[in-house]
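Inside the fold
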Amino acid sequence: MRHSPVLALGLGLVSLIGATSLLASPASAQSTLFRSRSAQSSVDGSAAVGGSTSVPYGWIDFCHRRPKECKVPALPAANVKLTARTLRVLKRINQKANSSIKPVSNFDHWGTMADHWDYPVDGKGDCKIYALYKRKLLQEAGFPRQALLMTVVRDLNNEGHTVLTVKTDKGDLILDNMVDEIRPWNATGYYFLKRQSQQNPNVWLSVNQRGGSPKALTNVAKLID
């Protein structure tokens, strides 16, 4: 999957969306599934983020076609509390998406090289479709939006790739359509380029860090107290 340059029209759109979201009031209620954190804080096992960076064209286009998904209020950063129950849900949804979507390239699917982000409306898609679908299913399962971050990386072949980062109190976990196993970000071997802000999904932050070395087996359950 390769990412197209951001179009001038798209830049105007995302600026409008971002401004709308940042001015909105934070939600007063918080789920028991997560813990509030400050925007730039980091814990062991979490990737440190830098400043704001360019927004992927695919996200801008997705927001244009599905504005209700993006015109959302800014919220305090929050992490999922990693328990046996939440890990079971993560594994179930990761495996459900990976097994239910037929992999197909962006060009073969949509007939264009321009990145097209969407849900699996026809049961097919590439990495962005898998990640967006997992994000949607986890939100429906009660996970906070602020902990579910679309993330752009370079994979082990130095190809552009998109995964879902789940922010937990035990570090960042990666849900990946190329690997059924859920792994800590620093056990992927990927080079992390950018991801969504926890507070505002229309703001993207630079990462620019190598996620350790790829590990064939990673027992995430050991992270649970």
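To keep things clear, this report deals only with the structure shown in the data block. Fair warning: this is a prediction, and the values are worked out from it, not measured in the lab.

Remarks on the side chain of T151
Mapped onto the elements, T151 comes out in strand β6 (residues 148–154). Under the relative-accessibility criterion, T151 is labelled buried at 1%. Within the local environment of T151, its side chain forms a polar contact with the backbone oxygen of L149, the two atoms lying 2.9 Å apart. Of note is the side chain of T151, whose polar atom sits 2.8 Å from the side chain of T165. Residues within four places of T151 in sequence aside, it is in contact with H161, T162, V163, T165, F192, K194 and R195.

Brief notes about the nonpolar core
Of all hydrophobic cores here, the largest spans 35 residues; its most connected members are W59, L90, L138, L164 and V166. If you list the elements that add at least two residues to this core, you get α2 (57–65), α3 (84–100), α5 (127–140), β6, β7 (160–168) and β8 (171–176). Tallying contributions element by element places α5 first for this core, with 7 residues. Non-local contacts of V166, meaning those with residues more than four positions away in its chain, are made with V80, L90, L138, A147, L148, G171, D172, L173 and L175.

Remarks on the pairing of strand β10 (residues 187–196)
With 8 of 10 residues buried, β10 is to be regarded as a mostly interior element. The pairing of β6 with β10 spans 4 bridges and is antiparallel. Counted as the bridge partner of T151 is R195 from β10. In this structure, β10 lies alongside strand β11 (residues 204–212), joined through 6 bridges in antiparallel fashion. In the strand pairing of β11, F192 is matched with Q209.

Some points on the state of the cysteines
As used here, a disulfide is simply a covalent bond connecting the sulfur atoms of two cysteines. Summed over the entire model, instances satisfying the criterion amount to 1 disulfide. Covalent S-S linkage joins C63 and C70, the inter-sulfur distance amounting to 2.0 Å. Linking C63 and C70, the disulfide has an S-S dihedral of approximately -80 degrees and is accordingly described as left-handed. C70 carries the same exposure label as C63, and that label is buried.

Side note on the pairing of β11
Looking at chain direction, strand β2 (residues 52–53) and β11 are connected through 2 bridges and run antiparallel. Pairing of T53 across the sheet is with W204, part of β11.

Some details on the packing of α3 against α5
The interhelical angle for the contact between α3 and α5, taken along N-to-C directions, is 140 degrees, at an axis separation of 10 Å. Classified by the angle their axes make, α3 and α5 are oblique. The interaxial crossing formed by α3 with α5 has right-handed handedness. Across the interface between the two elements, V89, L90, I93, N94, K96, A97, N98 and S100 from α3 touch Y130, Y133, K134, L137 and L138 from α5.

Comments concerning unusual backbone geometry
You will see that N158, though not glycine, has its phi angle at about 65 degrees, which is positive. By the element assignment, N158 lies in the loop between β6 and β7. Here the phi dihedral of N208 falls at roughly 50 degrees; this positive angle occurs in a residue that is not glycine. Mapped onto the secondary structure, N208 falls in strand β11. Overall, N208 belongs to the partly exposed group, its relative accessible area being 44%.

What counts and how
Position numbers for residues count from 1 along each chain, tracking the sequence in the order it is written. Given that the model is predicted, a residue must reach a pLDDT of at least 70 before its local features are reported, and side-chain atom pairs must reach 80 or more before they are shown or counted; all residues, however, enter totals for whole chains, interfaces and linings. Only hydrogens and water are set aside; all other atoms, that is, all heavy atoms of the structure, feed into the side-chain values. For the purposes of this entry, the term helix denotes a DSSP run of H or I that reaches at least four residues, the term strand denotes a run of E that reaches at least two, and both are numbered from the N terminus. Working definition: with a 1.4 Å probe on protein chains only, accessible area under 20% of the residue-type maximum means buried, over 50% means exposed, and in between means partly exposed. In the analysis that follows, any N or O atom pair within 3.5 Å is treated as a polar contact, provided that within protein one partner can donate a hydrogen and the other can accept it, and provided that, for residues neighboring in sequence, both atoms belong to side chains. The contact criterion used throughout is that any non-hydrogen atoms of two residues lie within 4.5 Å. Only buried residues count toward a nonpolar core, which is a set of Ala, Val, Leu, Ile, Met, Phe, Trp, Tyr and Cys residues joined through side-chain atoms within 4.5 Å. A pair of strands is treated as paired once DSSP finds two or more bridges between them. For this text, the term disulfide refers to a pair of cysteine sulfurs within 2.5 Å. Lines fitted to the C-alpha atoms define the axes, with helices restricted to the stretch that makes contact. Angles between their N-to-C directions range from 0 to 180 degrees. In these notes the angle categories are as follows: under 35 degrees is roughly parallel, over 145 is roughly antiparallel, 65 to 115 is roughly perpendicular, and the rest is oblique. Crossings are classed by handedness, with left-handed meaning an anticlockwise turn of the near helix from the far one by less than a right angle and right-handed meaning a clockwise turn.

In short, geometric facts, not functional conclusions.
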